[in-house]
Structures are given as C-alpha cells and as structure tokens.
Amino acid sequence: MTSPAIDPATSPAPSPATSTVTSAATSQATGTASTALALTYLYAPGDRPEVVRKALASRADVVIVDLEDAVAPDRRKYALTATAELLTDPQPRPVHVRINSPQDIATLTGLPGLAALRVPKVAHGTDIRRIAELAPGVPLHPLLESALAIEFAYEIATAHPAVRGISLGEADLRADLGVRDGSSLDWPRTRVIIAARAAGLAPPPQSVFPDIRDLDALYASCTHGRGLGFLGRAAIHPRQLPVIERAFRPTPQEIEAAAEVVRAAATDGGALALPDGRFVDAAIVAAARRTLALARRESPV
C-alpha cells in the first residue's frame, strides 16, 4: 500500500484544467443534501465500475470509491481511469475517493463528480498539508491507521481548513498494535472522536464491520460505537446499510426527550431545570437539536 503523503515537489501536479474546484462543481458533486448528518458510507472497489454503479443506486448517504486496499496493484491504473471517467459527470450522491498515490490526486482534482478525497496512512499534520497543496479546494478526510496517527489525532484534525472529518482505519491499527479483540481499540476510538470534536468537526463514522452476514453482530457493534460517540458507519455491502441506519437513528424516547429540551430552551435562554429534574444548558440544547435533525432526515435505506 502506497502512502499518498509524498513531497509535492516530486509529485505530479494537477493539470491546469483541473487545478481549481469551483463551488458550482462541488455543489453538483454533493447534490442538494448535506453530508453533515450522513450515517452510511458505502465502499466500492474502483476497478469494478458495475459495483460502483450499484453503490450509487443503493441510497447510501455517501459512496466511497476505493483505489487503495480493495484494488490489486496491477488493477490500480485501470481503477483510476474508470473512476475519473465516472466523476467527469455530477453524481446523484456525494462520492468520496480513497486515494492510493499522488497520481490519483492529480487525475481526480477538479472533476465535477468528486465530493472529497479520503487520505489513508496519515501520520501527522504535515501529510495533510502536502495533500492540500496537491488538491486545492478539495475537502479532505484523513484516515488514522497507526499508533503514531492516534498520537497526532488533534494535529491532523486541525492541520488545514480542507479537513472536513477524520476517521479511524481499524484493520491497519489493529495490526500495528498487535491486538485482535475489538474492545481493545476503544481507547484510540475515543481519542479520534474527541480530537474531531475538539477541532470543530463532525463526530467520525465508525470503521467497517468485516462480516457482511452477521447483521446482529453488526447492530451490536454499531450500538457500542454510538455509545462511544461515533455518528454513522462505513459499510462494505449494501445489506449492512439498513442496520447501520437503524442503530444510529434516535429512538422515539430520545426524540421526545430532545423535543422537550428544545421546547424548554425556546422559552428560557439560560440554564434551566426540566420538570423531571434534568438540568439543561447550551451544550445539552445543542445535542438535543442534533437528535431532532437526525430524526427528521429522510431514511435513505
């Protein structure tokens, strides 16, 4: 696996025709729906255009075209060509691309269908600043996949204005740490969540669940992740989408409690206590409003 965090002085530069991403192109790529409340992120291998097309029709909130781990080395040139051809036109939902090399950046930057780049193997903020130089105007989502990246999580999250979110790459991190039990990653998971929120970014989506058949285990894992502070999850198969959606959407009880908080805040701008004894301040009101926003989002699956 090749890290794309390479010195721009020795990397291919974007062509003049694609050196700037206009706001109009970005709007077309992302559609009318914001990804701020996205819950489902569906991966599709870039060297299989038919799978990418199915992903785009799946009603996932975001489709991630993978040019890295999901593609064999001898297929990556074709994967890039096929992805660039797809992104020549605006797409019905946001398309992120997980890149593998500087050539990917040079080829994809500026295409109307590109909503963001997902940057693997980021170890510190310098990596992201280099990528931002190669992809002016493109939103970036660093993937933290090593112990070193976890140590620099906040620096990475605040490295450049182009950073729109950070995520954890659990498979590589597990290998780096030499652990197998999923719960052993709860500390780095929490670290990444806190770094994102401290940087003013949205809560990260949870990493993929590799077993596409065990949907009960997926739901239990999502419930655990939601308790840690994740918002939504990446998926590797469309059948996982409704489970993720159900796990991360608020329950009727949560919706009613949030509505009560918002109603109370509308009549009193300061801190107050609800009839049931709950204390409400600005942070709790903000959380309640996010809950109601999630409840109002149209279910995509």
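Not measured: the values here are computed from a predicted model. (Residues numbered from 1 in each chain as written. Predicted model: local features only at pLDDT ≥ 70, side-chain atom pairs only at ≥ 80, totals over all residues. Heavy atoms only, no water.)

Colleague: Can you help me understand the side chain of His-96 in this one?
Modeller: When you line up the elements, His-96 lands in strand β3 (residues 95-98). Filtering out sequence-adjacent residues up to four positions away, His-96 remains in contact with Val-62, Val-63, Ile-64, Val-65, Ala-115, Ala-116, Arg-118 and His-141. (Helix = DSSP H or I, 4+ residues; strand = E, 2+ residues; numbered from the N terminus. Contact = heavy atoms within 4.5 Å.)

Colleague: Where do I start with the pairing of strand β5 (residues 140-144) in this structure?
Modeller: Successive side chains on a regular strand alternate, one facing one side of the sheet and the next facing the other. With five of its five residues buried, β5 lies for the most part within the structure. Burial along β5 is two-sided: the residues Leu-140, Pro-142 and Leu-144 and His-141 and Leu-143 are all buried. When strand β4 (residues 116-119) meets β5, the two strands line up parallel, connected through three bridges. Residue pairing for β5: Val-119 is matched across the bridge by Pro-142. Of the crossover connections in this fold, the one passing from β4 over helix α5 (residues 125-134) to the parallel β5 is right-handed. Of the pairings in the sheet, the one linking β5 to strand β6 (residues 167-168) comprises two bridges and is parallel in character. (Buried < 20%, exposed > 50% of the residue type's maximum accessible area, 1.4 Å probe, protein only. Pairing = 2+ DSSP bridges. Right-handed = clockwise from strand over helix to strand, strands pointing away.)

Colleague: How should I be thinking about helix α10 (residues 215-228) in this particular structure?
Modeller: Because an α-helix packs 3.6 residues into every turn, residues spaced three or four apart end up facing the same way. Helix length check: α10 (14 residues) gives 20 Å between terminal C-alpha atoms against 20 Å at 1.5 Å per residue, within 8%. Considered for burial, the residues of α10 that qualify are Leu-218, Ser-221, Cys-222 and Gly-225. An end-on view of α10 places all buried positions within 105° of arc, on one side of the element. Facing away from the buried side of α10 by more than 90 degrees, the exposed set consists of Asp-216 and Gly-227. Its buried side turned inward, α10 meets β7 (233-235) and α11 (241-248). Looking one or two residues past α10, Gly-229 carries a phi angle of roughly 125°, positive in sign. (Expected span 1.5 Å × (residues − 1). Arc of directions from axis to C-beta.)

Colleague: Help me out: how do you make sense of the environment of Ile-166 in this one?
Modeller: Mapping Ile-166 onto the fold places it in the loop between α7 (153-157) and β6. Counting along the chain gives 39 residues from Ile-166 to Pro-205, while the straight-line C-alpha distance between them is 8.5 Å. Those residues in contact with Ile-166 that lie beyond four places of it in its chain are Pro-142, Leu-144, Ala-153, Ile-156, Ala-157, Val-192, Ala-195, Ala-196, Leu-201, Pro-204 and Pro-205.

Colleague: How should I be thinking about the sheet that holds β3 in this particular structure?
Modeller: Note on sheets: strands pair through backbone hydrogen bonds, and any given pair is parallel or antiparallel. Taken in spatial order, the seven strands line up as β6-β5-β4-β3-β2-β1-β7 in an open sheet, and their pairing is parallel. The open sheet has two edge strands with one neighbour each: β6 and β7.

Colleague: What am I meant to see in the nonpolar core here?
Modeller: Note on soluble globular proteins: their nonpolar side chains tend to be buried together. Ranked by size, the top nonpolar core spans 62 residues in total, and within it Val-97, Leu-108, Leu-117, Ile-128, Leu-140, Leu-144 and Ile-166 carry the most contacts. With five residues, the single largest contributor to this core is α11. Apart from the residues within four sequence positions on either side, Val-97 is in contact with Val-65, Leu-67, Thr-83, Leu-87, Leu-108, Leu-114, Ala-116, Leu-117 and Arg-118. (Core = buried A, V, L, I, M, F, W, Y, C linked by side-chain atoms within 4.5 Å.)

Colleague: Whenever I open this one, the confidence of the model for the protein chain confuses me. Can you help?
Modeller: The predicted coordinates should not be examined in detail at positions where pLDDT is low. In this model, the protein chain carries an average pLDDT of 87, and 85% of its residues clear a pLDDT of 70 or more. Confidence drops under a pLDDT of 50 for residues 5-34, and excluding neighbours within four residues, the segment shows 46 contacts in the predicted structure. (pLDDT = per-residue confidence, 0-100.)

Colleague: Help me out: how do you make sense of the environment of Trp-187 in this one?
Modeller: The topology assignment puts Trp-187 in helix α9 (residues 186-198). On a C-alpha basis, the gap between Trp-187 and Leu-228 in space is 9.6 Å, while along the polypeptide they are 41 residues apart.

Colleague: Explain the pattern of salt bridges to me, please; I cannot follow it from the model alone.
Modeller: Any two side chains of opposite charge can pair, so long as their charged atoms come close to each other. Here the structure, examined in full by the defined rule, presents 14 salt bridges. For Lys-121, the salt bridge identified is with Glu-145, shortest N-O distance 3.6 Å. Here the residue Lys-121 occupies a position in the loop between β4 and α5, and Glu-145 occupies one in the loop between β5 and α6 (147-151), the gap between them amounting to 24 residues. Taking the shortest distance from any N to any O, the salt bridge between Glu-245 and Arg-249 comes out at 3.1 Å. The partly exposed category is assigned to Arg-249, whose relative accessible area is 22%. Residues participating in the shared-partner salt-bridge network are Asp-66, Glu-68, Arg-98, Lys-121, Glu-145 and Asp-172. (Salt bridge = Lys/Arg side-chain N within 4 Å of Asp/Glu carboxyl O.)

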